[in-house]
Amino acid sequence: MQDISAKELKGHDILAVERFLDGTRHMVEFVVQKKGTAYGPFGEEVRLFLDEAGYQQVLISQKQGEIRIKRDAHVIEGHILLKKKRRRH
C-alpha cells in the first residue's frame, strides 16, 4: 500500500490558498469510506485545509463512518504541525 503523502490527493493541494487563510487551523487527509458522500467517491483520498467548523464536520463524518482520517495536523500561519499519535499501553 502506498503512503498517502506520496500520492496526488483530491481536494486541496499542499500549497493551496486555503492553507494560508487566517481562519485555517487544521489539515486532514482521509479516505472516503461510503458511497454518495459529499467528499467524493468510495476509496478517494482527500486533503482539506479547514477552519474549526469544517474540522468539526469532518470529525462527525468520521464518527458516522463516511470517512477515515489518515493524517491530522494543526495549521498555524500556513505551517503544518503534525499531531503526535497517542500511545496505548
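In the block above lies the structure referred to throughout.
For the structure given in this document, a descriptive report is provided here. (Residues numbered from 1 in each chain as written. Predicted model: local features only at pLDDT ≥ 70, side-chain atom pairs only at ≥ 80, totals over all residues. Heavy atoms only, no water.)

Let's shift gears to helix α1 (residues 52-63). Over its twelve residues, α1 runs 17 Å from end to end, which matches the ideal 16 Å to within 8%, given 1.5 Å per residue. Every buried residue belonging to α1 is among Gly-54, Tyr-55, Val-58 and Ser-61, and all of these are buried. An end-on view of α1 places all buried positions within 115° of arc, on one side of the element. Set apart from the buried face of α1 by more than 90 degrees, the exposed residues are Ala-53 and Lys-63. Taken together, the buried residues of α1 touch β2 (26-32), β3 (45-50) and β4 (67-76). Of the residues one or two after α1, Gly-65 is the one with positive phi, at around 80°. (Helix = DSSP H or I, 4+ residues; strand = E, 2+ residues; numbered from the N terminus. Expected span 1.5 Å × (residues − 1). Buried < 20%, exposed > 50% of the residue type's maximum accessible area, 1.4 Å probe, protein only. Arc of directions from axis to C-beta. Contact = heavy atoms within 4.5 Å.)

As for its position among the elements, Glu-77 is in the loop between β4 and β5 (79-82). We classify Glu-77 as exposed; its relative accessible area is 73%.

Side chains of Ile-14, Leu-15 and Phe-20 sit close together on the surface and give an oily, nonpolar patch of about 300 Å² of accessible area. You can see Leu-15 is positioned in the loop between β1 (10-11) and β2. (Patch = residues over 30% accessible without salt bridge, like charges linked within 9 Å, V, L, I, M, F, W, Y side chains within 5 Å. Areas by Shrake-Rupley, 256 points an atom, 1.4 Å probe, with all protein chains shown as cover. Salt bridge = Lys/Arg side-chain N within 4 Å of Asp/Glu carboxyl O.)

Before going further, it helps to spend a moment on the nonpolar core. Grouped together as the largest cluster of nonpolar side chains are ten residues: Val-28, Phe-30, Val-32, Val-46, Leu-48, Leu-50, Tyr-55, Val-58, Ile-67 and Ile-69. Looking at this core, the elements that each hand over two or more residues are β2, β3, α1 and β4. When sequence neighbours within four positions are dropped, the list of residues in contact with Val-28 reads Val-46, Arg-47, Leu-48, Leu-50, Tyr-55, Val-58, Arg-71 and Asp-72. (Core = buried A, V, L, I, M, F, W, Y, C linked by side-chain atoms within 4.5 Å.)

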